[in-house]
Amino acid sequence: MFASFRHSTVGIRVVGQRCFIYTSNADIKRFVIENTEIIRDKSLTPEIRLSLFTPNCRFWHARPDTWPFSDPYWAIYWPGGQALSRYLLNNPEVSRGKKVLDLGSGCGATAIAAKLCNASQVVANDIDSVAAVAIQLNCELNNVEPIPCVTDNLIGCESENWDLILLGDMFYDEDLADSLHTWLQKCIKTHKTQVYIGDPGRAQFESHSIKRSMQQLAQYTLPESVREENYGLTSSTVWLYKPDV
């Protein structure tokens, strides 16, 4: 899979001598369907079907400048999100009847897991508008009602009264980790929100001061295919964030 992607906006994009024009969410949805593969049995959550990049997809091996949108993080089922989704499915009482925000939702698997566990309200948040379309497609694949997706950056904004905030694989950048630390503390202090985090042991998480406020809830061994796609990471852990506020 190509390692980096060129940013662009949804609309018109010229790649080489080809012009990609996307005028509606229906166009984007069709593009996602044509360029992903439906996967369910190569993750920690075989109950959930997702449209993802695989080696069978043309853009898996393509040059970064041939991709017509911004970085397709939504097309990968990241290991932190896998662990978090598995934990919810194993422990449905965590999200049952709760008002849930899935921050940095990506493919939407964790939001879907919360929905399958009968959360009273689930909202996905991802700043990529293509991810919002992909999340709705994945909802259809799993026969759940469409999950609303907010594309504004909520980190640092005035928080709503969420019972539960879920975030997987968000600690990949030190500055982002700092911002999350501050904002999540505020959510907990203001609304007594519970925060569950999934992470496979990335250095930015392991070395950050936020780690001292974590209670480990579960650890899962990653399937072999997931290990290969994530540079040999072997497990992923679910944490409960319990800062002194």
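Everything that follows concerns the structure shown earlier in this document.
Residues numbered from 1 in each chain as written. Predicted model: local features only at pLDDT ≥ 70, side-chain atom pairs only at ≥ 80, totals over all residues. Heavy atoms only, no water.

A few points about the layout of surface pockets
Next, step 1: Taken as a whole, the second largest pocket spans an internal volume of roughly 300 Å³.
Next, step 2: Every residue lining the second largest pocket is counted, 18 residues in all, and those nearest its centre are Lys42, Phe53, Thr54, Ser225 and Glu229.
Next, step 3: Of all elements in the fold, only β3 (37–39) and α7 (224–229) reach the threshold of two or more residues within the lining of the second largest pocket.
Next, step 4: The leading source of residues in the lining of the second largest pocket is α7, at 4 residues. (1 Å grid on protein atoms, 1.4 Å probe; cavity = no way out; pocket = protein on both sides within 12 Å on 5 of 7 lines; lining within 4 Å. Points joined across faces, edges and corners; volume = space filled by probe spheres on them. Helix = DSSP H or I, 4+ residues; strand = E, 2+ residues; numbered from the N terminus.)

Focus on the pairing of strand β8 (residues 164–168)
Next, step 1: Summarising burial for β8: 5 of the 5 residues are buried, a large majority.
Next, step 2: The alternating pattern of β8 places Leu164, Leu166 and Gly168 and Ile165 and Leu167 on opposite faces, both of which are buried.
Next, step 3: Relative to β8, strand β5 (residues 99–103) runs parallel, the two sharing 4 bridges. Bridge pairing in β8 links aspartate 102 to leucine 166.
Next, step 4: Judged from the 5 bridges that link them, β8 and strand β9 (residues 194–199) form a sheet pairing that is parallel. If you follow leucine 164 over to β9, its bridge partner there is glutamine 194.
Next, step 5: What joins β8 to β9 is helix α5 (residues 174–191), and the crossover it makes is right-handed. (Buried < 20%, exposed > 50% of the residue type's maximum accessible area, 1.4 Å probe, protein only. Pairing = 2+ DSSP bridges. Right-handed = clockwise from strand over helix to strand, strands pointing away.)

A closer look at the packing of helix α1 (residues 25–34) against helix α4 (residues 129–141)
Next, step 1: Where α1 meets α4, the axes come as close as 9 Å, and the angle between the chain directions of the two elements is 70°. Between α1 and α4, the crossing angle belongs to the class labelled roughly perpendicular. In this structure, the crossing between α1 and α4 has a hand that is right-handed. Of the residues in α4, those in contact with Asn25, Ile28, Lys29, Val32 and Ile33 of α1 are Val130, Val133, Leu137 and Glu140.
Next, step 2: For the contact of α1 with α4, the residue count by class is 6 nonpolar, 1 polar and 2 charged. (Axes fitted to C-alpha atoms, helices over the stretch in contact; angles between N-to-C directions. Parallel < 35°, antiparallel > 145°, perpendicular 65-115°, else oblique. Left-handed = near helix turned anticlockwise from the far one by under 90°. Contact = heavy atoms within 4.5 Å. Nonpolar A, V, L, I, M, F, W, Y, C, P; charged D, E, K, R; others polar.)

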